[in-house]
Amino acid sequence: MSTTPAEIEAMFTDAKGGFRFARWGRPIAPIVFGVDDATLHIFKGAVEALSALTQHPLAETDFELGVNLMFFMFKSWDELSDLPDLDRLVPELDQLVPKLKSQGASQYRLFRFDDQGAIQACFVFICMDGPLAEWPAESLALVQASQAFLLWGDQAFAERSPLARLPNGADILRPDVGNILRAAYAPELPHVDLDASFALRLFARVSGAQAG
C-alpha cells in the first residue's frame with residue numbers, strides 16, 4: 001500500500017494545523033514501571049525492534065537524565081500521584097491527571113525536547129483499567145514503542161492503529177508506518193523540521209523503500 005505526501009504531512013500535523021516533525025536526538029535509554037519481568041522483557045524487545053528498524057541507538061543510561069524513555073503502567077490515574085518524585089520529572093502532573101481522568105483517557109505521551117527541538121525524553125502513561133487491559137502484551141508494547149519514536153501528529157492514529165493484524169491473529173507494525181519510521185531516521189535528514197514541505201522529503205525515502 002502506497003503512502004502519499006499528503007498522508008505523511010497529516011501524520012505530523014497537530015490539532016491546530018501546524019506541521020512539526022521531530023525525532024530523537026540522542027540514544028534511547030528505556031525503562032518500564034508497573035509490570036512483571038515477562039512484560040518488562042516484551043516492552044524492551046519492542047523498543048529494540050524499533051531501534052533495529054530505524055537504526056537509532058539504544059543505551060543503558062542517558063548522560064543527562066539517567067533514563068529518557070519511561071513507560072508507566074497502572075490501573076488508575078490516581079496512582080500517578082503516589083509515585084515518588086514523578087512530580088519532579090513531570091511538574092504539570094497535578095493538572096494533567098484530572099484532565100486525563102475527565103476525558104476517560106487510556107494512554108498519554110508527554111515529550112521533552114532539547115534546545116534544537118529534537119526529542120530528549122518521553123513519558124508514556126498507560127492506564128490498564130479499560131480497553132487496553134484486553135490487549136496482548138506484545139501488541140501493547142509495539143504500539144506504544146512505535147508512537148514514542150517520533151513526534152506524531154494528534155490524529156495520526158486516531159482512526160487507524162499503527163498495527164496490522166495477521167491472519168493468525170498476531171499484530172505487526174503496519175508496513176507503511178514502518179517505512180515512515182525507517183525513512184524518518186535517515187542520517188541525511190534533520191532531527192527537527194517545522195516546514196510541511198518536509199513531508200515530500202520523507203515521501204521520497206518512503207517511496208524508495210516501497211520500490212525496493
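The structure reproduced in this document is the subject of the present report.

Quick notes on the rules
- Residues numbered from 1 in each chain as written.
- Predicted model: local features only at pLDDT ≥ 70, side-chain atom pairs only at ≥ 80, totals over all residues.
- Heavy atoms only, no water.
- Helix = DSSP H or I, 4+ residues; strand = E, 2+ residues; numbered from the N terminus.
- Rg over C-alpha atoms; globule rule 2.2 N^0.38 Å.
- Buried < 20%, exposed > 50% of the residue type's maximum accessible area, 1.4 Å probe, protein only.
- Contact = heavy atoms within 4.5 Å.
- Core = buried A, V, L, I, M, F, W, Y, C linked by side-chain atoms within 4.5 Å.
- Pairing = 2+ DSSP bridges.
- Right-handed = clockwise from strand over helix to strand, strands pointing away.
- Salt bridge = Lys/Arg side-chain N within 4 Å of Asp/Glu carboxyl O.
- Disulfide = S-S within 2.5 Å.
- Expected span 1.5 Å × (residues − 1).

## Quick notes on the overall build of the chain
Regarding its fold elements, the chain presents 7 helices and 8 strands. Computed over its C-alpha atoms, the radius of gyration of the chain comes to 17 Å, within 12% of the 17 Å expected for a compact globule of 212 residues. For the chain, with 212 residues in total, the buried portion stands at 45%. At a minimum sequence separation of 6, the contacts of the chain that also span at least 24 residues come to 68%.

## Overview of the nonpolar core
The biggest cluster of nonpolar side chains holds 49 residues, and the ones touching the most others in it are Phe-12, Leu-69, Trp-152 and Leu-202. Where this core is concerned, the elements lending two or more residues are strand S1 (21–22), helix H2 (37–54), strand S3 (69–74), strand S5 (119–127), helix H5 (137–148), helix H6 (175–184) and helix H7 (198–211). Among the elements that make up this core, the one with the highest residue count is H5 (6 residues). One finds Phe-74, Trp-77, Ala-105 and Phe-125 within the second-largest nonpolar core, a separate group that totals 17 residues.

## A short note on the pairing of strand S2 (residues 30–33)
Here S2 shows a buried face lined by Pro-30 and Val-32 and an unburied face lined by Ile-31 and Phe-33. With 4 bridges joining them, S2 and S3 adopt parallel strand pairing. Bridge pairing links Phe-33 to Phe-72 in S3. Regarding topology, H2 serves as the crossover connection from S2 to the parallel S3, and that connection is left-handed.

## Brief notes about the pattern of salt bridges
Oppositely charged side chains can pair when the atoms bearing their charge come close. Within the structure shown, the criterion is met by 8 salt bridges. Residues Asp-62 and Arg-26 are paired through a salt bridge, measuring 3.0 Å at the closest nitrogen-oxygen approach. Here the residue Asp-62 occupies a position in the loop between H2 and S3, and Arg-26 occupies one in the loop between S1 and S2, the gap between them amounting to 36 residues. Take Asp-62 and Arg-26: they sit in the same class, and that class is buried. One salt bridge connects Asp-171 with Arg-165, and the closest N-O pair in it is separated by 2.9 Å. Salt bridges sharing partners connect three or more residues here, namely Arg-26, Asp-62 and Glu-64.

## So, the state of the cysteines
In the structure shown here, the tally under the stated rule is 0 disulfides. The thiol sulfur of Cys-122 is not disulfide-bonded, and the nearest other cysteine sulfur, from Cys-127, lies at 17 Å. Overall, the relative accessible area of 0% leaves Cys-122 in the buried class.

## Structural notes on H2
With 18 residues, H2 ought to run about 26 Å at 1.5 Å a step, and its terminal C-alpha atoms sit 26 Å apart, in line with that. Residues of H2 that are buried in the fold lie against S2, S3, S5, H5 and H6. Backbone geometry just downstream of H2 places Gln-55 in the positive-phi region, at approximately 65 degrees.

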